[in-house]
Structure formats: C-alpha cells, structure tokens
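Chain by chain, the residues run as shown.
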Amino acid sequence: MKILVINGPNINMLGIREPGIYGSHSFDDLLALLQDTARELGVEVLQFQSNHEGDIVDKIQWAHGKIDGIVINPAAYTHTSVAILDALKAVSIPAVEVHISDVDSRESFRQISYAGLACRKTIKGHGLEGYREAIAYLKNLLGHSQEKTDFSATSD
Ligand code: DQA
C-alpha cells in the first residue's frame, strides 16, 4: 500500500514559522514521524513538499495509477485553490486533509477549504500527530476495500 503525503507552502518552515501556532517541531521532525509511521503501520509512505501550486497539481496527477491514498496539507492553498481540488477529483484517489493548527478557531478566511471537498476526512488541530492519524485512517480504509476485492475474487 502506497501513501503519498503532500505538503504545501511554508510547511518546510515548521519550527521557525509562528511556533505559537504550529509548534516547535521542525519539518525534519515531520519527515521522521512519517518514516516511523510507515514502519509501524507497514505501509510505504512517499512525501512531497512544494511552495508552488502547479507543482502540487502535477504531483497529484502523477499519483494516478501509482498511489493508493493521499494525505494532503495544502497549507494556504487550502483556502484558495480550485486547481488542487480539481486535481484531487480528477485522480479519484482516497484523500485525507490535514491541518496542523485548528483552522476553525483562526481567521474567517481559513474556514473555507476547497481541497477538503474532495477528501474523505479532515484532521485539524492535532499538530504533527494529525499526519499519523491520517495515514492510519487510509490504511484502515484501503485495507477494507482490499479485503472486499479479495473476497469477491475467491467467491466466484
Ligand atoms: C495550515 C493552516 C493554513 O491556514 C495555513 O495557511 C498553513 C498551514 C495548517 O497546517 O494548520 O500554512 O494548513
């Protein structure tokens, strides 16, 4: 099972940017958490971070036919990008939206999520742990759909 974790603009600045909101853990700490989660759950986790909207769209398109599930924190593009929403809809890969901070308790412009409209679930305000929860959710979801496929294949 292959899961792609996509992070949008300024997530590479974790630990430096607004620690009162995003915490003191660095982006490298997040990468380490993703590796640990992959090992613990027995899934393959690939990661991609970009500050550029089109590069994120390209990566989502690339995932088609190669990736089983997507975890995405589109960061500021959450609140603006119809292009990322359309890319997620285009590939139809089960996706989970993650926000490190609790966007609901912040500025009103953060209450809108375009990408979230194409996601099965949104996890917000759980810090970096939200990524672990998202991967575990996808593993569970995809594991069940895999079981169903196996069952119908043997019952014929
Ligand atoms: C964020 C929340 C967004 O509103 C913000 O623009 C970010 C990070 C989060 O993880 O809490 O860059 O997605």
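Scroll up a little and you will see the structure.
Fair warning: this is a prediction, and the values are worked out from it, not measured in the lab.

Mind showing me how you'd approach the packing of aromatic side chains here?
Two aromatic rings, taken as a pair, are described by how far apart their centres are and by the angle between their planes. This model, assessed by the stated rule, comprises zero aromatic pairs. Lying over the aromatic face of Tyr22, Arg17 brings its terminal NZ or CZ to 4.1 Å of the ring centre. Its end group placed over the ring of Trp62, Lys59 keeps NZ or CZ at 4.0 Å from the ring centre.

Just to check I follow, could you spell out the site of the ligand for this structure?
Neighbouring the ligand are the residues Arg17, Tyr22, Asn73, Ala75, Ala76, His79, His99, Ile100, Ser101, Val103 and Arg110. Between the ligand and His99, the relevant distance is 2.8 Å, taken from an oxygen atom to a side-chain nitrogen or oxygen of the residue. Burial of the ligand by the protein chains amounts to 98% of its free accessible area of 320 Å². If you map the ligand onto the pockets, it falls in the largest pocket. Of the residues belonging to the shell around the ligand, the class tally is five nonpolar, four polar and two charged.

Whenever I open this one, unusual backbone geometry confuses me. Can you help?
Excluding glycine, residues mostly carry a negative phi; peptide bonds, for their part, are mostly trans. Positioned with a positive phi, Asn10 is a non-glycine residue whose angle comes to about 75 degrees. Mapped onto the secondary structure, Asn10 falls in the loop between β1 (2-7) and α1 (19-22). Residue class for Asn10 comes out partly exposed when judged on its relative accessible area of 37%. For Glu18, which is not glycine, the phi torsion reads 30 degrees and is therefore positive. Its place among the elements puts Glu18 in the loop between β1 and α1. For Glu18, a relative accessible area of 43% corresponds to the partly exposed category.

Here is what the cut-offs are and how they apply
Residues numbered from 1 in each chain as written. Predicted model: local features only at pLDDT ≥ 70, side-chain atom pairs only at ≥ 80, totals over all residues. Heavy atoms only, no water. Phe/Tyr/Trp six-rings, centres within 6.5 Å; stacked < 30°, edge-to-face > 60°. Lys NZ or Arg CZ within 6 Å of the ring centre and 35° of its normal. Near = heavy atom within 4 Å. Polar contact = N/O pair within 3.5 Å; in protein donor to acceptor, adjacent residues only side chain to side chain. Areas by Shrake-Rupley, 256 points an atom, 1.4 Å probe, with all protein chains shown as cover. 1 Å grid on protein atoms, 1.4 Å probe; cavity = no way out; pocket = protein on both sides within 12 Å on 5 of 7 lines; lining within 4 Å. Sits in = over half its atoms within 2 Å of the grid points. Nonpolar A, V, L, I, M, F, W, Y, C, P; charged D, E, K, R; others polar. Helix = DSSP H or I, 4+ residues; strand = E, 2+ residues; numbered from the N terminus. Buried < 20%, exposed > 50% of the residue type's maximum accessible area, 1.4 Å probe, protein only.

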